[in-house]
Structure formats: C-alpha cells, structure tokens
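# Tertiary structure, described
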Amino acid sequence: MGVSLFSSLQIPLFFLSFINFCIFELALAGTTRHYHFDIRNQNVTRLCHTKSMVTVNGQFPGPRIVAREGDRLLIKVVNNVQNNITIHWHGIRQLQSGWADGPAYVTQCPIQTGQSYVYNYTIIGQRGTLFWHAHISWLRSTIYGPIIILPKHNAQYPFAKPHKEVPIIFGEWWNTDPEAVITQALQTGGGPNVSDAYTINGLPGPLYNCSNKDTFKLKVKPGKIYLLRLINAALNDELFFSIANHTLTVVEADAVYVKPFVTNTILITPGQTTNVLLKTKSHYPNATFLMTARPYVTGLGTFDNSTVAGILEYKTPPNTHHSSASLKKLPLLKPILPALNDTSFATNFTNKLRSLASAQFPANVPQKVDRHFFFTVGLGTSPCQHNKTCQGPNGTMFSASVNNVSFTLPTTALLQAHFTGQSNGVYSPNFPTSPLIPFNYTGTPPNNTMVNNGTKVVVLPFNTSVELVMQDTSILGAESHPLHLHGFNFFVVGQGFGNFDPNKDPANFNLVDPIERNTVGVPSGGWVAIRFQADNPGVWFMHCHLEIHTSWGLKMAWVVLDGKLPNQKLLPPPADLPKC
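The notes below deal with the structure included here.

Rules used throughout
- Throughout this document, residue positions are counted from 1 along each chain, in the order its sequence is written.
- Note on the predicted model: pLDDT of at least 70 is required for a residue's local features to be given, and 80 or more for side-chain atom pairs to be given and counted; whole-chain, interface and lining totals, by contrast, use all residues.
- Hydrogens and water molecules were not included; the side-chain quantities draw on all heavy atoms of the structure.
- Strands are runs of DSSP state E lasting at least 2 residues, helices are runs of H or I lasting at least 4, and numbering of each runs from the N terminus.
- What makes two residues a contact is simply this: any of their non-hydrogen atoms within 4.5 Å.
- All accessibility values rest on the Shrake-Rupley procedure with a 1.4 Å probe; residue burial counts only the protein chains present in the view.
- We count a salt bridge whenever a side-chain nitrogen from Lys or Arg sits within 4 Å of a carboxyl oxygen from Asp or Glu.
- Buried means the residue's accessible area, taken with a 1.4 Å probe over protein chains only, is under 20% of the maximum for its type, while exposed means over 50%, and partly exposed covers the values in between.
- Of the grid points, spaced at 1 Å and generated over the protein atoms alone, those admitting a 1.4 Å probe that cannot get out make up cavities, while open sets with protein on both sides within 12 Å along at least five of seven lines make up pockets; any residue with an atom within 4 Å of a point is treated as lining.
- Grid points are joined across faces, edges and corners, and a volume is the space filled by probe spheres set on the points.
- Pairing between strands requires that DSSP locate at least two bridges from one strand to the other.
- Helix axes use the C-alpha atoms of the stretch in contact, all axes being lines fitted to C-alpha atoms, and the angles between their N-to-C directions lie in the range 0 to 180 degrees.
- Arc definition: it is the arc formed by the directions from the helix axis to the C-beta atoms.
- Here the aromatic set is Phe, Tyr and Trp, taking the six-membered ring for Trp, and pairing holds for ring centres within 6.5 Å; pairs whose planes are under 30 degrees apart are stacked, those over 60 apart are edge-to-face, and all others are tilted.

As a further point, take the overall build of the protein chain. Looking only at helices and strands, the protein chain features seven helices and 33 strands. For the protein chain, the spread of C-alpha atoms along the principal axes amounts to about 95 × 70 × 55 Å. Across the protein chain, the fraction of contacts at a sequence separation of at least 24, relative to all contacts at a separation of at least 6, is 79%. A total of about 24,400 Å² of accessible surface is found on the protein chain, and carbon and sulfur atoms cover 53% of it.

Written out as structure tokens, the structure is:
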C-alpha cells in the first residue's frame, strides 16, 4: 500500500495549505504561448500586379494569434527589412506591461534592421476578437493579423455555441508602395493617393479586374451557426458589410460582449472588431451569396469608391447531383448596402450597441468623475515651407490636431522619458484640457485654420476617473474620426450632433449599460462622450485610426502615474527594449 509523500514527511498543516493554494493558483494560471514574427519582404500578386512588400512570416495578412484569457504571450519580432518596425497588440489592456504596447516613439523606439524584440504580456480579463498591426508610418497596410482570445477553460460564450469560427479581416491593396504614398502626401501637403482595392482576408474578390481567383469563399452547412470575427484593418476607410439574404446577430464589439441584436449590415471603423453570429438557412438554397464591404464616407477628400466581395457558398448535400458546372449556374445574389454617406444608418447602428451589463459581465462605468476634458478633433492647415508649392487648401499643407495641437512624435520614446524621469526636452505635461480659443465648432469655420505643433501630454494620478468629450470640427469640413485609446477600454456614455452642450447633454448620458470599447467613431459634425478609469500606469497613445489623420498629427498621449501598491506600478523595461 502506498504512503502519502506529505504524511511521510510530516509537513506542517499551514505549509500543506500553502501547497494546496499554489496548486490552485497554478490551475488558474494561463499557458505561456510563444510566437515568432519574421519581418521580411515577400512578392505578392493582386489585381495582376506583383510587388515586394513587408510581411510577417511571408504572409498577407499575417499569422493568427490564438490564446486564452489569462495566457502569457511571448512574441519575438525579428526585423529583416530596411524599414524600422514596431507591432501594436490593438485592444490588449497591457496592464503593467506598457513596454509591450508598440506605438513607435510612444512606448518604444523602433526595432531597427537586423534587430529583434520580444513582446511580453499577459491577457488579463479579456476575451474575444482583437488584432495586431505595425504601428509606425503606414506599414500596417501589409503587417496585420487577428488576435483570437478564447474564454478560460470551462467558460461558456453568453450566446449559442457556434459550429465554426471564422476570422474575416478587412484591409486594402495598393498597386504601389503605401510608404511612397504617405511620403509623397507629407512632402506635397496634399491628400494621399487612395488604395486600388479593399480586401477580405487579403483577397479583393470578383468585382475587381483580374481577381476572380483571389476571392475569399466561406463554405457553410445548412442549419448551423457560424461566429464571424470581423476586423477592420484598413488604413483609411470605415466600412459597411453585409451578406446577401442573411441576417447577422451582433454579440461582441472590441472584445467585449454586447446585448445581441439582429442587423442586415454592420458598420465597422478602422481599429474596431465586431463578432457576429451567422445562422445559415435550414435547407440547401439554390443560390450562392455575395458578402460585400464598401466605405462609409463623410469627408471631402478622395476615397476608394470600390467594393470588396467574398462568396458565401453552401456545401452541396450528400447524394445530390450538383456538379461544379451546375454550381456555377446557381444565381449569385448581392446584398444592398447603405449609401456611401448614410450617416443616419451609422447613427442607428452605433446606438444599438449596449454592454451586456450582467452579473457575470458587469458594465463598471465610472459613476463619479475626477477630471473632465473637452477635446476638439479635426483637420487644419500648416504653412507651406518657403520656396515650395503645396497642394493643401489655398496652397497650405494639410494638418490635423486635438485642441489645435498637432502632435509631433519625439525622437526618444515617451514611456522611456517618463520612466527615467527625463522628460525635459522630450514632452511637456501641459496639453490643453479644452480649446484655448472656443468657437462654433460645427458652424461657420474660423478664418484662421492654422494649427500649433508640439509634444504635449496629459498627466493623470493613478486611478483618476476621466470623462472626455470629443467634438468634431467643420474647419475643413466635418467628418467622422475613429479615435483609439491605447491601454484602456472606455465606456461610450453619450453622443450627438452639433456642438456639445455641457448644460443639457450630460443629463442624457447612459451610465447603466453603455458600450465598452477601445475605438469609437466621433460622429461627423457631432460629438461623443467617453468615461474610463486611469488604472493602468504608463504612457498611452490616443489617435485617430484613419492613418492619414494620424500622419497629419491627430494624436496625443496620456501619462498615468504609478499607484502605491506593487500591482499599480509600471515594471522596469526589458533588457532587449530597442534603443533610438
């Protein structure tokens, strides 16, 4: 008969309790998952154009990251191209791990040619769909991929378990090099050239020339539920998405469960993710179905007015005589998408998004506010350099700003300067909390459209509760702006059109079940109000996820100071943190 190890060693009871606690903790702890990202050039062909482009592991889009809530990720990024590289894990909270967030010159210097960096972070309290992408210049045009965070073992989805899960990631294709596109735009001061196609999982689809073979096909069985993990990785376009003759049930946004609702069409801005359930028809239909996406446009600039399509195809039932030839004869049904400028649809769609606000998934909206901020966001101009011709409005250069400050990226990473206490000459802590010169933000534009330039941040004590109202401006024409906040989720407590009224509008704020997310569209000619708890020490970027607006300066940063407890402090930088 066997003897217990513990009884033979006569271990004290308190120590046994400690061992049991450790075993329990280990059972709760996640797995460590290792990934290797090899940044290299790869020849890729679309629209009958072959070009060399920067990829991860030679793939376009890049590889899928799959983890569970609670897992630790160690992702080694090796840079084998001439471009500087950083990777951002979009939507990951990065609690105490700001060194792994990724925006160039904000939390890290870039990984230079021949160098590597290990991104090391743990997924805490999150599950759902997010994505990763390059966060320097316009390299995210080709460097992006899905992050799929499964619930913990034995945890269930708060909706019907799907038969299958399918990532659908929207992007863009340029026949030229997008780095040359943004370089030219910044040199001339004008708007950038637009993409040549939109893509679904890297494929343009049959509505573009020379692209029939490059079509994403989703093959489904009748009477099943499919979870589609939608991601908008496009640089500069908000998108409508629909599947002909099918409805979609929205169940999650930005990796947060929502109250389910049914819709024919999804609106998704760059930086947003949306999980939807697709219930297939109960019987095999004698048709195939296009799934299409095209832009929602509010600005005055040029845009890619084209449509990407994939095909939803039902697998033929067994013991039938459907040949491939007869399949091709089936009618191909197209969805009807909203008009390009259908702001009423966009508004109605976003108003349907609500947090679950259940006992298991509460909506912890800050009920009291320590600091109020009012930020104007929009376009403006900068003077043309001497002896140069510029293509912006009236011979100026396009710029963009928050509270009329067009953000200048430093040459030392902000987080490094903050952590070492050497911020002098890198950034100033006096970002304006409201516009210095108030004006009629959505009315007749002011005569002076010039912006100021600077590297200014807002400094917050740990655990400050923040309310931020972001107001679109009509200085160079009203348009919507998808604003992304790094390091936090926030609650969208209100939105409206025209100028925000601080005396009337807060009375209508939703403080019960507002949507919780990391990227929100500031309505064209309107405003949005968000609340968040500054419970994550570090330096956190906030910027428009339309890449051209970020390039023009529509960005800023929040510095959150350490708290008093060990789990409230930013940890020291890793030894392999890239240097500038």
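There is more to say, and it comes next.
Once that is clear, we can look at the pattern of salt bridges. Evaluated as defined, the whole model comprises 13 salt bridges. A salt bridge links Arg-33 to Asp-71; its shortest N-O distance comes to 2.4 Å. Here the residue Arg-33 occupies a position in strand E1 (residues 32–46), and Asp-71 occupies one in the loop between strand E3 (65–68) and strand E4 (72–79), the gap between them amounting to 38 residues. Of the residues examined, Arg-33 reaches a relative accessible area of 28% and is grouped as partly exposed. Residue class for Asp-71 comes out buried when judged on its relative accessible area of 3%. A network of salt bridges, in which partner residues are shared, links Lys-259, Arg-354 and Asp-513.

Under the definition given, this model contains one cavity of 30 Å³ or more. Every residue lining the largest cavity is listed: Pro-158, Phe-159, Val-251, Tyr-257, Val-258, Pro-260 and Leu-356. It is strand E15 (residues 256–263) that provides the largest number of residues to the lining of the largest cavity, a total of three residues.

Moving on to the environment of Asn-452. Within the secondary structure, Asn-452 is located in strand E24 (residues 452–454). Residues Asn-452 and Lys-281, spaced 171 residues apart in sequence, show a C-alpha to C-alpha distance of 56 Å. Apart from residues lying up to four places away in sequence, Asn-452 is in contact with Asn-404, Val-405 and Ser-406.

Turning to the sheet that holds strand E6 (residues 116–122), a few remarks are in order. With respect to topology, four strands assemble into an open sheet ordered E2-E1-E4-E6, the strand pairing being mixed. Whereas interior strands pair on both sides, the edge strands pair on one side only; in this sheet they are strand E2 (49–56) and E6. Sheet twist, expressed as the mean angle between neighbouring strand axes with direction ignored, is 25°. Note: E1 against E4, eight bridges, orientation parallel. Paired with Tyr-35 across the bridge in E4 is Ile-75.

With that settled, the discussion passes to helix H5 (residues 343–352). For H5, the full list of buried residues reads Ala-346, Thr-347 and Phe-349. Buried residues in H5, looked at end-on, bunch into an arc of 165°, giving them a common side. Residues of H5 that are buried sit in contact with strand E14 (248–253), E15, strand E16 (265–268), strand E18 (288–296) and strand E28 (490–497).

A few words now on the packing of aromatic side chains. With the rule as written, the count across this model stands at 33 aromatic pairs. Their ring planes at 40° and their centres at 5.7 Å tell us that Trp-89 and Tyr-121 sit as a pair that is tilted. In this pair, Trp-89 sits in strand E5 (residues 87–90) while Tyr-121 sits in strand E6, placing the two residues 32 residues apart along the sequence. Comparing Trp-89 with Tyr-121 shows no difference in burial state: the two are buried. With centroids separated by 6.4 Å and ring planes inclined at 50°, the aromatic side chains of Phe-509 and Trp-527 adopt a geometry described as tilted. Taken together, the residues span a long stretch of sequence, with Phe-509 in the loop between E28 and strand E29 (515–517) and Trp-527 in strand E31 (residues 526–534) at a distance of 18 residues. A residue is classified by how much of its surface remains accessible, and Phe-509, at 10% relative accessible area, is buried. You can call Trp-527 buried: its relative accessible area is 4%.

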